[in-house]
Amino acid sequence: MKVYIYKGFERFWHWTQVTLIVMLALTGFEIHGFYELFGYREAVMIHDRTAWAFLALIVFAIFWHFTTGEWKQYIPTLNLVKEQIGYYVTGIFTGAEHPTNKLVYNKFNPLQRLIYLGLKMLVIPVMVISGFAYMYLNYPNDTFVLGNLGPVAAIHTMGAFFLIVFIIAHVYLTTTGHKPLSSIQAMITGWEEMSELEAKEMVKSEMEYSLKVAKHHLITDKDRSAFLDEALQETEEKLGVKNRLHDVLSGSGAGYFRLDTNGDYIEVNKAWANLYKYETVEEIIGKNFSLSRSEKSFAQLKGNFDQVLSGETIEHGLVIRKCQDGSIGYHTLTMTPFMKDNKIIGVQGVIINIDRDNASKLQWDNE
Amino acid sequence: MKRILYIFSILVIPQFIVYMIITRTDNQCIVDTELPAEIEVVNYTKKADQKNILVADHSKFEILQQEFERPQDVTLACLSCHTERHHELMANNHWTWDRTEKLAGRDSVVTLGKRNMINNFCIGINGSEKTCVRCHIGYGWEDKSFDFSKKENIDCLVCHDQSGMYIKAKGAAGYPVEGLNLNIISQSVGSPKRENCGICHYWGGGGNNVKHGDLDKAMNSCSKDVDIHMAIDGEDMSCVACHTTENHVIKGKAYAFSSENKNRATCTHCHTDAPHNDKILNQHGDRIACQTCHIPEYAKANSTKMVWDWSTAGRLNEDGSQIHEADADGNHNYLSIKGTFVYDDHVKPDYIWFNGTADHVLLTDSITEIPVQINTLMGSYNDKGDNCESTTCSKIWPVKIHRGKQPWDPILKRIVQPKLWSPNKGDSAYWVDFDWNNSIVAGMRYSDLPYSGEYDFVETEMYWPLNHQVASADKSLQCVDCHTTDNDGRLAKLEGFYLPGRDHYDFIEYIGILLVLLAVAGVVIHGGIRIVLRKNCLHDKK
Ligand code: HEM
């Protein structure tokens, strides 16, 4: 199964960075005196120009990351780091599953997050700062005099060695994907080959995200369903799994509902009515929400309902609904308080249908 | 297909563009050996644009159309038109043979010059003036009684003769040889040519190119291989083109005597301080003298003296006659009067930090360090111009180091001044009598200095910053001449600072290489295990 992982800019950025760092390393170590390749003078010229190009790319990439929110990919998390290390140390040999998956909104596994963050926060700025210090503060000038080039060169050289070590490890780790070359292929084409399970995991997280976005808009804006549609569409585009997401969602769309403080339906949309197998929307208005559940699960829903009335937001990965004809369906549920003049006057929510077969596989829960 | 084109345009094309930009060869930065670029200069008119207008034809002046009896009469004739010029000359150190300067590293201001200082060639003039002053611009300096205020004793001709006929005599207190046609000579006068300067400055130390190593009679008429400025097939510049002169004050310093950083003739005067088309090369000029790269070797036409060992002097043939031995190139390697020499040609300079100030060993100094530093050129990497007498920072300079072994007083720990020359036997002059003790007694008494009565020979070193025999750009030093880990890199011995490409920190090297090796080993082991266990490997669940 192929999933779209890397956007055009990311791939451009990545390979340009590869070219620049490789050139910097090749010329840098020539300057360092390890070998003769370009000729010293050429090497210095290339190193200096490449450094400028690198700086430009960094600025560009920072801008991109912040305008697109991609920077969140690098937020370090210690969750699962142990598992990830364990995977590389033992699991990989026994054919265990990756403990973490490449997800669009979690492209990097926790170990990668740490290493890339380290790379970006430590090595690269250190290289850039020490590099430009090397370039500009080596001779006395009016403003600032560096006592001796030595420490700067030491930091720069040490950083260069770390980068080489990183590159070796990084290139090797790319071969631990679904197939040895699938990660590299993904970085070229954008599409990564994944196992069925990984892909589903990804779809799941994708939906969670779209719900969050939808919810956010539902709380703050009037035109709710438009925003929900938009969020879903955006998600699909990002995923590049338009049809598959629809498969998973069984084509039934997202349902929207609103309850008053008693738990009576004030408003539902057409998709909601369809999911619950009502002919028309009017049939359900004014009825109590108790009819949407079996008796057993209603108690839980009631508890949640009260929580939302007290101001909380509730998200259920997977719930079972009782339809009008007595059949059973599965959906995700998000409930948020409905406010007016700063007072909670009801509860509103979004449900997204899950195909029964899928649902059994997707062990969805709130955490 | 569309996707491939898309991938191509976002991945391959940018890489190609980036690669082309960063590896672009600036044609300005490359020295084109075929077509030398026109070099931009200021404060100088290029040969092609020079107009040689004769300002005055001295042969038309009546006062010069006489049979001069004495050379002093020529001087008086000169001064009859060039009135008051003698004041300039009598203040000039070509006349005074001393200058009042502050010695670097000392508080005292001293009056120091050829008159009273020592080197590790012929040591010093005291007691031997009559022959040494052949290079003095005066007549009659036989001994301490010479009257420096007598204007007729100025020798105008040695500098201004253009006939090539004017020759000063040996051992004649600065007088010219007998029988010169001073009439013709005096009518020939003009601005000094290389031959005028060279007659003294090439021949210092008793032979051609002996002292400086970069001042050689061959430079009267040389190719670009010897000196790019003076080459007759090039700009054909005279000495005074750079050593510009105003009121007889000539720009330029010889650190055999000078101590202060002033009135120097510099490259930047014409070439500016940003002469290269390359920013990094121009930056190099902040800490590296132009000479360092552009004088890759000296003594390019004739050998120069590198070592002079006085301690072997005095060996004579059985018949009492003097020994002259020469090496394969025809350079003396032994003379009875002077001892043993080593000459060399095409010498690679030594490199030191130099800020333009110097100290000198005085005859009154007690020696604390062996080899004795006859002159000390000041400077260090850390001297960035704010912590010394010099306002400019120290730069790396190429120098000739002349090593000597010369008489000293091991009891008083002082360099001694022997009397070397006399026209007569029995006058205590070493070059005639070959008796060190007597010559030192005579020389020290003449100089009013104490002598313990015991002498020995001590090793000495003298530093000569190089300025001449500049090479063409394509023959100048290249990056890797210094930026190299080779032990014979030009700056291999210049320590105390970090030079990229030469210096490494061992611990970083070890840690870095170790980490890289560990990473490679890790990959090999980890990957190896994966390959071996392939059947179990990776998502492989059939
Ligand atoms: C923006 C980033 C960088 C800047 C501004 C920079 C700048 C410099 C400068 C100015 C030098 C001194 C030689 C010269 O003038 O060219 C240098 C040396 C060097 N650079 Fe960089 N550099 C950068 C990135 C890198 C990277 C990414 C690497 C390696 C992966 C690297 C490796 C080296 C090495 C090994 C040396 C030689 C150090 C020595 O022996 O003292 N540099 N760099």
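As a starting point, this report considers the structure included with it. (Residues numbered from 1 in each chain as written. Chains lettered and ligands numbered in written order. Predicted model: local features only at pLDDT ≥ 70, side-chain atom pairs only at ≥ 80, totals over all residues. Heavy atoms only, no water.)

**Focus: the coordination of the iron atom of the ligand**
All names here are of chain A. At the metal site, the iron atom of the ligand is ligated by His47 (NE2) and His156 (NE2), and these contacts range over 2.0 Å. Around the iron atom of the ligand sit six donor atoms, and with donor-metal-donor angles ranging over 84 to 179 degrees the site reads as octahedral. Of the two residues, His47 is situated in helix α2 (residues 40-68) and His156 in helix α5 (residues 149-173); the sequence distance between them amounts to 109 residues. Under the relative-accessibility criterion, His156 is labelled buried at 14%. (Donors = N, O, S within 2.8 Å, 3.2 Å for Na, K, Ca; no water. Tetrahedral: all angles 85-135°; square planar, octahedral: opposite > 155°, others 65-115°. Helix = DSSP H or I, 4+ residues; strand = E, 2+ residues; numbered from the N terminus. Buried < 20%, exposed > 50% of the residue type's maximum accessible area, 1.4 Å probe, protein only.)

**Let's talk about the interface of chain B and chain A**
Frequently, the measure chosen for interface size is the accessible area removed from exposure when the parts meet. Across the contact, 60 residues belong to chain B and 61 residues belong to chain A. Note on chain B versus chain A: buried area summed over both sides is about 5300 Å², and carbon and sulfur give 64% of it. Inspection of the region where chain B meets chain A yields one salt bridge. Where Arg41(A) meets Asp278(B), a salt bridge forms, and the shortest distance between an N and an O atom there is 3.4 Å. Where chain B meets chain A, there are 13 residue pairs in polar contact (both at pLDDT 80 or more). Secondary-structure elements contributing two or more residues to the side of chain B that touches chain A are α1 (2-23), α11 (279-284), α15 (479-482) and α16 (506-532) of chain B. In terms of residue count, α16(B) provides more of the side of chain B that touches chain A than any other element does, 14 residues in total. Of the residues contributing to the side of chain B that touches chain A, the split by class is 33 nonpolar, 16 polar and 11 charged. (Contact = heavy atoms within 4.5 Å. Buried area = accessible area lost by both parts, 1.4 Å probe. Salt bridge = Lys/Arg side-chain N within 4 Å of Asp/Glu carboxyl O. Polar contact = N/O pair within 3.5 Å; in protein donor to acceptor, adjacent residues only side chain to side chain. Nonpolar A, V, L, I, M, F, W, Y, C, P; charged D, E, K, R; others polar.)

**Overview of the state of the cysteines**
Residues and elements named next belong to chain B. Inspection of every chain in the model, using the stated rule, returns zero disulfides over all chains. Cys197 provides the cysteine sulfur closest to Cys239, a residue in no disulfide bond, and the two sulfurs are 3.9 Å apart. Judged by its relative accessible area of 18%, Cys239 falls in the buried class. The structure places no disulfide on Cys242, whose sulfur is separated from the nearest cysteine sulfur, that of Cys270, by 5.9 Å. We classify Cys242 as partly exposed; its relative accessible area is 34%. (Disulfide = S-S within 2.5 Å.)

**Section: empty space enclosed by the protein**
Residue and element names in this part refer to chain A. Counted according to the given criterion, the structure contains three cavities of 30 Å³ or more. Considered as a void within the structure, the largest cavity measures approximately 90 Å³ in volume. Around the largest cavity, the lining is made up of 13 residues, and of these Phe257, Tyr265, Ser292, Arg293 and Leu301 lie nearest the centre. For the lining of the largest cavity, the secondary-structure elements that each account for two or more residues are β3 (254-260) and β6 (328-340). Looking at which element gives the most residues to the lining of the largest cavity, the answer is β6, with three residues. (1 Å grid on protein atoms, 1.4 Å probe; cavity = no way out; pocket = protein on both sides within 12 Å on 5 of 7 lines; lining within 4 Å. Points joined across faces, edges and corners; volume = space filled by probe spheres on them.)

**Comments concerning the pattern of salt bridges**
Residue and element names in this part refer to chain B. Using the criterion set out here, one finds 19 salt bridges over all chains in the structure. Among the salt bridges present, the one from Asp73 reaches Arg70, with a minimum N-O distance of 3.0 Å. Asp73 sits in the partly exposed class, given a relative accessible area of 23%. It is possible to trace a salt-bridge network through shared partners that takes in Arg70, Asp73 and Glu152.

Nothing here speaks to function; it is geometry throughout.
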